[in-house]
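Below are the chains, spelled out letter by letter.
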Amino acid sequence: MKYIFDFDDVLFNNTEQFKKYMYECLEDAGVPSHVAVEYYKKVRHEFSLRNFLTHFGKEHIYEKIMSKCPDFLNTELLEIIKKIRKENCYMITHGEKEYQLDKIKKTGITPLFSEIIVIQGSKKEAVERVCAKHKGEEVIFIDDRADRFADLDFKKFPNLKTILYTGQNLEPYLQ
Ligand SMILES: [Mg+2]
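Cut-offs applied
- Residues numbered from 1 in each chain as written.
- Predicted model: local features only at pLDDT ≥ 70, side-chain atom pairs only at ≥ 80, totals over all residues.
- Heavy atoms only, no water.
- Buried < 20%, exposed > 50% of the residue type's maximum accessible area, 1.4 Å probe, protein only.
- Helix = DSSP H or I, 4+ residues; strand = E, 2+ residues; numbered from the N terminus.
- Pairing = 2+ DSSP bridges.
- Right-handed = clockwise from strand over helix to strand, strands pointing away.
- Arc of directions from axis to C-beta.
- Contact = heavy atoms within 4.5 Å.
- Axes fitted to C-alpha atoms, helices over the stretch in contact; angles between N-to-C directions.
- Parallel < 35°, antiparallel > 145°, perpendicular 65-115°, else oblique.
- Left-handed = near helix turned anticlockwise from the far one by under 90°.
- Nonpolar A, V, L, I, M, F, W, Y, C, P; charged D, E, K, R; others polar.
- Donors = N, O, S within 2.8 Å, 3.2 Å for Na, K, Ca; no water.
- Polar contact = N/O pair within 3.5 Å; in protein donor to acceptor, adjacent residues only side chain to side chain.

For the protein, an unreviewed UniProt entry supplies the name Haloacid dehalogenase and the organism Candidatus Nomurabacteria bacterium RIFOXYA2_FULL_42_12.

Asker: Just checking my understanding: could you explain the pairing of strand β2 (residues 89-94) for this structure?
Answerer: Every other side chain in a regular strand lies on the same face of the sheet, so the side chains alternate between the two faces. Summarising burial for β2: five of the six residues are buried, a large majority. In the sheet, strand β1 (residues 2-5) pairs with β2 via three bridges, with the strands oriented parallel. The residue of β2 that forms the bridge with Phe 5 is Met 91. Relative to strand β3 (residues 115-119), β2 runs parallel, the two sharing five bridges. Note that in β3 the partner of Ile 92 across the bridge is Ile 117. In this view, the connection linking β2 to its parallel neighbour β3 by way of helix α6 (residues 97-107) has right-handed handedness.

Asker: Could you clarify how one ought to interpret helix α2 (residues 33-43) in this entry?
Answerer: In an α-helix, one turn spans 3.6 residues, which is why side chains three or four residues apart end up on the same side. Taken as a whole, α2 has its buried residues at Ala 36, Tyr 39 and Tyr 40. When α2 is viewed along its axis, its buried side chains cluster within an angular range of 110° and face the same direction. For α2, the exposed residues set more than 90 degrees away from the buried face come down to His 34, Lys 41 and Lys 42. In the core, the buried residues of α2 are packed alongside α1 (14-28) and α3 (49-55).

Asker: What is the right way to look at the packing of α1 against α2 in this model?
Answerer: Helix packing geometry: the angle between the two helix axes and the distance between the axes. It is at 9 Å that the axes of α1 and α2 come closest, and there the two elements cross at 130°. Taken together, α1 and α2 sit at an angle that is classed as oblique. Once α1 is placed against α2, the crossing between them reads as right-handed. Facing Lys 19, Tyr 23, Leu 26 and Glu 27 of α1, the residues of α2 in contact are Ser 33, Ala 36, Val 37 and Tyr 40. Class assignment for the residues of the contact of α1 with α2 results in five nonpolar, one polar and two charged.

Asker: Before we go on, may I ask you to explain the coordination of the magnesium ion in this structure?
Answerer: Where a metal carries four tetrahedral donors, each ideal angle is 109.5 degrees; where it carries six octahedral donors, the ideal angles are 90 or 180 degrees. Taken together, Asp 6 (OD), Asp 8 (O) and Asp 144 (OD) make up the protein donors of the magnesium ion, found 2.0 to 2.2 Å from the metal. A relative accessible area of 5% places Asp 6 in the buried class. A relative accessible area of 15% means that Asp 8 is categorised as buried.

Asker: Would you take a moment to explain the sheet that holds strand β5 (residues 160-164) for this structure?
Answerer: Strands pair in a sheet through their backbones, by hydrogen bonds, and they do so in one of two ways: parallel or antiparallel. Taken in spatial order, the five strands of this open sheet run β3-β2-β1-β4-β5, and their pairing is parallel. What marks the edges here is a single partner per strand, and that holds for β3 and β5. If you compare each strand with its neighbour and ignore which way they point, the axes differ by 20° on average. Packing against the sheet, α6 makes contact with β2 and β3, and its axis sits at approximately 145° to β3.

Asker: Sorry if this is basic, but what is going on with the side chain of Glu 128 here?
Answerer: Within the secondary structure layout, Glu 128 lies in helix α7 (residues 124-133). Residue Glu 128 is classed as buried on the basis of its relative accessible area of 10%. Only 2.8 Å separates the side chain of Glu 128 from the backbone nitrogen of Asp 153, close enough to count as a polar contact. If near-sequence neighbours (up to four positions away) are discounted, Glu 128 is found in contact with Asp 151, Leu 152, Asp 153 and Phe 157.

Here you go:
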């Protein structure tokens, strides 16, 4: 069995924890949260923390924000993942490449995955490539967004299963 994990809001508590901390740091640096939130809405599709901070002239707090990344891991899920062999684990994450890779690197979980793929558009190609590579095995793709599943070709890849992650216990599926 192979597993594909999403990063933000699956392995990493991005919305509930990381972003809140980011706004707190900006507030401490003199940028009111409502101003930062408004600007975030404009750039969220191409979000890069460096560019975001540069917009406010606050590049110097980048490391302060990023150094906290390990604190925002989904530790319950990671305890289960540690029992899965690395060659069975993939990560496919959406976002600006440099920022996503730096976030992942800072969490220290890189060694748990055989491949980490950062994509900008649809996850279809990357997910289906993993399915094609492991045709004889079940591939379970776990993401917190249902729209990430919408364009997948389940007819062509009958070995593909999806789980919409909402914080439920995944232990029964992961072995
Ligand atoms: Mg996500």
